[in-house]
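# Chains, contacts and geometry: an overview
Each chain is listed here by its residues.
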Amino acid sequence: PANDIDSLRQTLIAGSIQVQQQIISKLADLGNEGLDVLIEFLRKRSDTPATWIDGKAYQVLYNSDAPLAKEFLLSSFPEGIVPLKSDCGIDYHPLQQLLASQDFQAADRLTIQKMCELAGPAALQRKWLYFTEVDSFPIIDLQTINHLWLVHSEGKFGFSVQREIWLALGKNWDNFWPKIGWKNGNNWTRYPHEFIWDLSAPKGHLPLSNQLRGVRVIAALFAHPAWK
Ligand code: UYC
């Protein structure tokens, strides 16, 4: 009924983040009327930087078959809600698409690949990074990758989330790995099947950085000026 929709619309605008999150899920089940409210919500907020609440509303529309939703996204957000800025001409649209459809495993692989692309042809062929290459990553590119992960994971995933956890643990790696689910007691979590590829994962679980060659790459990521 129109009345319910109207009260959901009001609450979506005024509610706390937790309430907004619940309202978005409810609206997702209410057909075109619900989609209309989400469209109006995204349109009104489009002049401020996207948060994970915008990401959640966007994802409902993105994963809907309704022509109404498809037409709106095509005309208003053809590349998503995070500006896909790059200092070196890298296309982050495929990463945006995987994250919007919540395919976190494929998005994780592509993130590694995009970072090798950032580092240059030698890294792209090698398929892993030197920490010295990470040091010279453009700020804007790391921020774009991170913003995409944050916005499409309810704020749960991203380098900046991992970095905050690591800082709160006094930069202690041995406490950091188990905290984000990369180690359990003495056992490293095995790639790929032991990792958790959805939002039930611990905060900071994704994206992954292979520790086979040591901590210098992830340490260089956390020390990068992108997070200042
Ligand atoms: N892997 O264990 N990992 C790989 C992780 C380690 C190993 C890829 C993360 C410990 C081998 C990703 C953890 C370890 C390969 C990750 C983890 C180990 C591999 C694919 C928890 C053994 C095959 C991308 C810290 C004790 C490839 C890539 C190779 C792959 C991620 C083994 C994303 C977060 C110390 C043998 N692991 N990795 O980098 O290089 O290849 O031989 O971290």
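Higher on the page you've got the structure.
A brief structural summary.

## Some thoughts on the site of the ligand
Close contacts around the ligand come from 13 residues, with W188, T189, N210, Q211 and R213 the closest. Between the ligand and the protein, one listed contact pairs a nitrogen atom with a side-chain N or O atom of N210 at 2.7 Å. At 3.1 Å, a side-chain N or O of R213 approaches an oxygen atom of the ligand. A total of 770 Å² of accessible area belongs to the ligand in isolation, and the protein chains cover 68% of it. Of the residues contributing to the shell around the ligand, the split by class is 7 nonpolar, 4 polar and 2 charged.

## Topic: unusual backbone geometry
In this chain, Y191 is followed by P192 through a cis amide linkage whose omega measures -5°. Within the fold, P192 resides in the loop between strand 2 (187–188) and helix 13 (216–223). P207 follows L206 through a cis peptide bond whose omega is 0°. Its place among the elements puts P207 in the loop between strand 2 and helix 13. Phi at E154 is positive, roughly 55°, even though this residue is not glycine.

## Re the packing of helix 6 (residues 93–100) against helix 10 (residues 139–151)
At a minimum axis distance of 9 Å, the contact between helix 6 and helix 10 shows a crossing angle of 15°. One finds that helix 6 runs roughly parallel with respect to helix 10. Judged by the twist between their axes, the crossing of helix 6 over helix 10 is right-handed. Judged by residue contacts, L95, Q96 and L99 of helix 6 engage I145, L148 and W149 from helix 10. Looking at the contact of helix 6 with helix 10 residue by residue, the classes come out as 5 nonpolar, 1 polar and no charged.

## Overview of the environment of S200
Mapped onto the elements of the fold, S200 is located in the loop between strand 2 and helix 13. In terms of polar contacts, S200 uses its side chain to reach the side chain of D198, at 2.5 Å.

## Brief notes about the pattern of salt bridges
Within the structure shown, the criterion is met by 8 salt bridges. Note that R9 and D6 form a salt bridge whose closest N and O atoms lie 2.7 Å from each other. Taken together, the residues span about one helical turn, with R9 and D6 both in helix 1 (residues 2–14) at a distance of 3 residues. By relative accessible area, which is 24% here, R9 ends up partly exposed. Looking at D6, the relative accessible area reads 34%, which means it is partly exposed. Notably, a salt bridge pairs E154 with K56, separated by 3.2 Å at the nearest N-O pair. Here E154, found in the loop between helix 10 and helix 11 (159–168), pairs with K56, found in helix 4 (residues 52–62); they are 98 residues apart in sequence, far enough to count as distant. Of the residues examined, E154 reaches a relative accessible area of 28% and is grouped as partly exposed. For K56, a relative accessible area of 17% gives the class buried. One salt-bridge network, in which partners are shared between bridges, spans D6, R9, E40 and K44.

Rules of the game
- Residues numbered from 1 in each chain as written.
- Predicted model: local features only at pLDDT ≥ 70, side-chain atom pairs only at ≥ 80, totals over all residues.
- Heavy atoms only, no water.
- Near = heavy atom within 4 Å.
- Polar contact = N/O pair within 3.5 Å; in protein donor to acceptor, adjacent residues only side chain to side chain.
- Areas by Shrake-Rupley, 256 points an atom, 1.4 Å probe, with all protein chains shown as cover.
- Nonpolar A, V, L, I, M, F, W, Y, C, P; charged D, E, K, R; others polar.
- Helix = DSSP H or I, 4+ residues; strand = E, 2+ residues; numbered from the N terminus.
- Axes fitted to C-alpha atoms, helices over the stretch in contact; angles between N-to-C directions.
- Parallel < 35°, antiparallel > 145°, perpendicular 65-115°, else oblique.
- Left-handed = near helix turned anticlockwise from the far one by under 90°.
- Contact = heavy atoms within 4.5 Å.
- Salt bridge = Lys/Arg side-chain N within 4 Å of Asp/Glu carboxyl O.
- Buried < 20%, exposed > 50% of the residue type's maximum accessible area, 1.4 Å probe, protein only.

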